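Inside the fold
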Amino acid sequence: MIVSNNISSRGMNTFGIEVNFSTVISVEHRDDLFALAPYLENREVSILGGGSNVLLTQDIPKPVLLIRTKGKQVVLERETYDLVKVEAGENWHNLVLWAVEKGYGGIENLALIPGRCGAGPMQNIGAYGVEIKDVLHSVSAYNLEDGRIYTFHNTECGFGYRTSHFKTKWKDKFIILDIVLKLTKPGHHITNLSYGAIAQTLDEKGVIQAGIKDIANAVIAIRQAKLPDPVEVGNAGSFFKNPVVDNSVLNAIQKVQPEVPHYPVDDSRVKLPAGWLIDQCGWKGKQVGQTGTYKNQALVLVNHGSASGSEVYALSEEIQQSVLKRYDILLEREVNVW
Ligand code: EPU
């Protein structure tokens, strides 16, 4: 365990925002958890994974826990799949590359998502037709209240679109220690090419029978073209969730803009791309002071260098207001605001 005081947050969040962390506790091994107690007043902590889905708007007086545990191991072998246990501190994209290299299927559509493995279940990371809940077997987590380790099966985690109990009712109560993924073996992969852009990219590359490596490469190419690399431009991916609205809302928009993209959720509701709504309100690529939206994807708010969290938050409010005014839809933030 490494404990440091008065640390700048800048290198610890992909937005590259500077606030002061009073105490940072880096958990390197599981056993470190048992030494945490003296540092936890009222058991209050903020748990930071890769800092890739957080907007820091103020100094953080509570201890900030960094989970840096490493390792992965096959815990069960079956004919068609293996269960692979991965420590929370492992980098997610490296895990995807490792899986693809080993011939394991299931997470290739989730290539290049920034962050660490422990954050995956928290917001049920997803991209290109796949969410982590589709391959997640179980999660082990340390309960800060009673000091015990619990294992939650997939169905107990309360997964929804970009959410789970870890993000809502269990927030800052449980530290995710490891995730167990059910990954398919060669000959048993169930590939997902439902997302138009993947099929199109594979087509352009002349790939006919797409394997998991082809899919991972297509996803990497699409993400690199559309989304900013946090190393170059501070950002936290999609800033808002895609809103789910009644068919009547879609019909009203279609009367004026028949081209509005939409995806069915059930018989009475559709999901609308927040990026499209924001783009239509004229925000794409707009710079406001040190913040703005990304030139290729209006749903991504960026830090052009020295933006404060409050500046980014204020822009997000302005965007919310203009979408509300034009479409009567209130966008909900996807990033965690601290
Ligand atoms: N669009 C615009 N203008 C824009 C942005 C998007 O017109 O500025 C349109 C696109 O042309 C497309 C539609 O909106 O018709 C959807 O855009 P895109 O395919 O880029 O996907 P998205 O719905 O904006 C979601 C996820 C992403 C994920 C992609 C691919 C959410 C909030 N975002 O974005 O996740 O990578 O689908 O599956 O669900 C993230 O969560 O951080 C993230 C990047």
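Our subject is the structure listed above.
Here goes a summary of the coordinates provided. Remember, predicted model here, so these are calculated numbers, not experimental data.

1. Notes on the overall build of the chain
Counting its secondary structure elements, the chain contains seven helices and 20 strands. Taking 2.2 N^0.38 as the reference for a compact globule, 338 residues should give roughly 20 Å; the C-alpha atoms of the chain span a radius of gyration of 20 Å, in line with that estimate. Principal-axis analysis of the C-alpha atoms gives the chain an extent of 60 × 50 × 35 Å. Relative to its full complement of 338 residues, the chain shows a buried share of 49%.

2. What about the packing of helix α3 (residues 196-204) against helix α4 (residues 212-226)?
Between α3 and α4, whose axes approach to 9 Å, the crossing angle comes to 105°. By the angle between their axes, α3 is roughly perpendicular relative to α4. Residues A197, I198, T201 and L202 of α3 form the contact with α4, whose participating residues are D214, I215, A218, V219 and I222. The residue makeup of the contact of α3 with α4, split by class, is seven nonpolar, one polar and one charged.

3. Re the packing of aromatic side chains
Per the counting criterion, the structure on display carries 13 aromatic pairs. On the numbers, 5.2 Å between centres and 65° between planes, the contact of F239 with F240 is edge-to-face. Linked through ring pairs, Y150, F152, F166, W170 and F174 together constitute an aromatic cluster. K182 extends its terminal NZ or CZ atom over the ring of Y81, reaching a point 4.4 Å from the ring centre. For K271, the ring lying beneath its charged end belongs to Y161, and the centroid distance is 3.4 Å.

4. Description of the sheet that holds strand β7 (residues 81-87)
Strand order across the open sheet formed by five strands is β6-β7-β12-β10-β11, with antiparallel pairing between neighbours. For this open sheet the edge positions go to β6 (72-77) and β11 (149-153), each flanked by a neighbour on one side alone. On average, each strand axis in the sheet is inclined to that of its neighbour by 25°, with strand direction left out of account. Two elements, strand β10 (residues 136-143) and strand β12 (residues 174-184), share seven bridges in a ladder whose sense is antiparallel. Bridging from a neighbouring strand, Y142 pairs with I175 of β12.

5. Section: the layout of surface pockets
In this structure, the second largest pocket spans a volume of roughly 290 Å³. Surrounding the second largest pocket, 17 residues form its lining, G106, D134, V135, T184 and I190 being those nearest its centre. Within the residue set of the lining of the second largest pocket, elements represented by two or more residues are β10 and β12. Here the residues of the lining of the second largest pocket sort into five nonpolar, nine polar and three charged.

6. Thoughts on the site of the ligand
Not every one of the 22 residues close to the ligand is listed here, only the nearest: Y128, Y161, Y195, N242 and D279. The contact in question runs from an oxygen atom of the ligand to an N or O atom on the side chain of Y161, over 2.6 Å. In the model, an oxygen atom of the ligand is placed 3.2 Å from a nitrogen or oxygen of the E334 side chain. Burial of the ligand by the protein chains amounts to 82% of its free accessible area of 830 Å². For the shell around the ligand, the elements supplying multiple residues, two or more each, are α4, β13 (234-238), α6 (274-280) and β19 (297-303). Class assignment for the residues of the shell around the ligand results in 11 nonpolar, five polar and six charged.

7. Remarks on the side chain of R333
Note that R333 resides in the loop between α7 (309-327) and β20 (336-337). Although R333 lies buried, it forms no salt bridge, and the closest oppositely charged side chain, E317, sits 4.7 Å away as judged by the N-O distance. In this structure the side chain of R333 is engaged in a polar contact, spanning 3.5 Å, whose partner is the side chain of Y313. When neighbours within four sequence positions are excluded, R333 is seen to be in contact with F239, F240, K241, Y313, S316, E317 and Q320.

Calculation notes
Residues numbered from 1 in each chain as written. Predicted model: local features only at pLDDT ≥ 70, side-chain atom pairs only at ≥ 80, totals over all residues. Heavy atoms only, no water. Helix = DSSP H or I, 4+ residues; strand = E, 2+ residues; numbered from the N terminus. Rg over C-alpha atoms; globule rule 2.2 N^0.38 Å. Buried < 20%, exposed > 50% of the residue type's maximum accessible area, 1.4 Å probe, protein only. Axes fitted to C-alpha atoms, helices over the stretch in contact; angles between N-to-C directions. Parallel < 35°, antiparallel > 145°, perpendicular 65-115°, else oblique. Contact = heavy atoms within 4.5 Å. Nonpolar A, V, L, I, M, F, W, Y, C, P; charged D, E, K, R; others polar. Phe/Tyr/Trp six-rings, centres within 6.5 Å; stacked < 30°, edge-to-face > 60°. Lys NZ or Arg CZ within 6 Å of the ring centre and 35° of its normal. Pairing = 2+ DSSP bridges. 1 Å grid on protein atoms, 1.4 Å probe; cavity = no way out; pocket = protein on both sides within 12 Å on 5 of 7 lines; lining within 4 Å. Points joined across faces, edges and corners; volume = space filled by probe spheres on them. Near = heavy atom within 4 Å. Polar contact = N/O pair within 3.5 Å; in protein donor to acceptor, adjacent residues only side chain to side chain. Areas by Shrake-Rupley, 256 points an atom, 1.4 Å probe, with all protein chains shown as cover. Lys, Arg positive; Asp, Glu negative; His and termini not counted. Salt bridge = Lys/Arg side-chain N within 4 Å of Asp/Glu carboxyl O.

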